[in-house]
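# Structure at a glance
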Amino acid sequence: RSTDDWRPEATADIARFAGTRHIYNHIRLIDAAGRELIRIDYHHNRSDPVDAGALQDKSDCYYVQLGRQLEPGEIYFSPMDLNEDQGIVETPYQPTIRFCTPIHTPEGEYFGLVVLNYQAEDLKILLTKLATAHDSQTMIANRAGYWLMHPDDAQEWGWQIPGRDGSHLGSQHP
């Protein structure tokens, strides 16, 4: 089918899905070249399709590159990081875990990816509540030792936020 035939219906379906889940701040359909074909942004209890002129080339994003390597039916779960838009970390900060799965044509040809951006702030809030209930603190670091969760928010996301590059497990607890 031509792009004009399927895109409005697919956009409406994805927007409805985003509006019923309330846990994904972006849902994307990305083509084989890495360009967004559809993006739904979910903010303030609204799922809004993004205009075609504002869709982005995501071909350089690590999750797109890794998602291209998946076999049909496989799912890639990204590490938690901060969401970036146009190459800039979004503010307020949006901790994100991405779920990517490939789409293939009926003939088996790679078409692109579906990418769901899970709002990981909800996970951080849950972990903080659990820790508080047990009179403890939760601290989580990524593989490189940078803080994803820390009692002092200013210590988090050291590899993504300028000026925080010294905020990691190894520098604080050698």
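Everything here concerns the structure above.
Along each chain, numbering runs from 1 in the same order as the chain's sequence is written. The predicted origin of the model limits local features to residues at a pLDDT of at least 70 and limits the giving and counting of side-chain atom pairs to 80 or more, whereas totals for whole chains, interfaces and linings rest on all residues. Side-chain calculation: all heavy atoms of the structure are included, whereas hydrogens and water are not.

## Points about the overall build of the protein chain
Strands here mean DSSP runs of E at least two residues long; helices mean DSSP runs of H or I at least four residues long; both are numbered from the N terminus. Along the backbone of the protein chain there are 4 helices and 11 strands. A 1.4 Å probe rolled over the protein chains alone gives each residue an accessible area, and that area as a share of the maximum for its type sets the label: buried under 20%, exposed over 50%, partly exposed in between. Looking at the protein chain residue by residue over its 174 residues, the buried ones come to 41%. Only heavy atoms matter for contacts: two residues are in contact if any of them lie within 4.5 Å across the pair. Considering only contacts in the protein chain between residues 6 or more positions apart, those separated by 24 or more positions represent 42%. For the protein chain, the exposed surface amounts to about 10100 Å²; the carbon and sulfur share of it is 53%. For the purpose of counting charges, residues Lys and Arg are taken to be positive, whereas Asp and Glu are taken to be negative. His and the chain ends are not included. Charge positions are represented by NZ for Lys, CZ for Arg, CG for Asp and CD for Glu. Between the averaged position of the 15 positive side-chain charges in the protein chain and that of its 26 negative side-chain charges there is a distance of 2 Å. Surface exposure here means Shrake-Rupley accessible area, sampled with a 1.4 Å probe, where a residue is shielded only by the protein chains that are shown.

## Topic: the environment of Thr128
Along the chain, Thr128 falls in helix H3 (residues 121–133). Owing to a relative accessible area of 39%, Thr128 belongs among the partly exposed residues under this scheme.

## Brief notes about the packing of aromatic side chains
Any two rings among Phe, Tyr and Trp, with Trp reduced to its six-membered ring, count as a pair given centres within 6.5 Å; such a pair is stacked if its planes are under 30 degrees apart, edge-to-face if over 60, and tilted if neither. Taken as a whole, this structure holds 7 aromatic pairs when the rule is applied. With a centroid separation of 5.9 Å and 20° between ring planes, the pair formed by Phe17 and Tyr24 is classed as stacked. The exposure class assigned to Phe17 is partly exposed, which follows from its relative accessible area of 31%. Ring geometry for Tyr146 against Trp159: centres 5.9 Å apart, planes inclined by 45°, an arrangement best described as tilted.

## Concerning unusual backbone geometry
The general pattern is negative phi for most residues beyond glycine and trans for most peptide bonds. Geometrically, the link from Thr91 to Pro92 is a cis peptide bond, its omega value of -5° lying close to zero. Secondary-structure assignment places Pro92 in the loop between strand S7 (88–89) and strand S8 (95–104). One non-glycine residue, His44, adopts positive backbone phi at about 55°. Despite not being glycine, Trp157 has its phi angle at roughly 65°, a positive value. By the secondary structure assignment, Trp157 is in the loop between strand S11 (147–149) and helix H4 (169–172).

## Some words on the pattern of salt bridges
Definition used for salt bridges: Asp or Glu carboxyl oxygen within 4 Å of a side-chain nitrogen of Lys or Arg. In the structure shown here, the tally under the stated rule is 7 salt bridges. Between Asp48 and Arg46 there is a salt bridge, and its shortest N-O distance comes to 2.7 Å. On the basis of relative accessible area, Asp48 is assigned to the partly exposed category, the value being 28%. Because the salt bridges share partners, they merge into one network encompassing Arg28, Glu36, Arg39 and Asp41.

## Topic: the pairing of strand S2 (residues 36–43)
Burial of S2 is extensive: 7 of the 8 residues sit out of reach of the surface. Between any two strands, at least two bridges found by DSSP are needed for them to pair. Bridge count between strand S1 (residues 24–31) and S2: 5 bridges; the pairing is antiparallel. Across the sheet, Arg28 pairs through a bridge with Arg39, a residue of S2. The hairpin formed by S1 and S2 contains 4 residues between the paired strands, and Gly34 there has a positive phi angle of roughly 95°. Where S2 and strand S3 (residues 46–49) come together, 4 bridges link them in antiparallel fashion. Bridge pairing in S3 links Asp41 to Asp48.

## Quick notes on the environment of Asp122
Mapped onto the elements of the fold, Asp122 is located in helix H3. Between the C-alpha atom of Asp122 and that of His26, which follows or precedes it by 96 residues, the distance is 15 Å.

## Remarks on H3
A helix is expected to reach a length of 1.5 Å times the quantity of its residues less one. Counted at 1.5 Å a residue, the expected span for H3 with its 13 residues is 18 Å, and the 18 Å between its end C-alpha atoms agrees. Once H3 ends, the next one or two residues include Asp135, with phi positive near 50°.

## So, the side chain of Gln56
Take Gln56: it is sitting in the loop between S3 and helix H2 (62–67). A relative accessible area of 7% means that Gln56 is categorised as buried. Separated by 3.4 Å, the side chains of Gln56 and Lys58 make a polar contact. In this structure, Gln56 is in contact with Gly34, Arg35, Glu36, Arg39, Asp85 and Gln86, ignoring residues within four places of it in sequence. Nitrogen and oxygen atoms within 3.5 Å of one another constitute a polar contact, given that in protein one can donate a hydrogen and the other can accept it, and given that sequence-neighbouring residues count only through two side-chain atoms.

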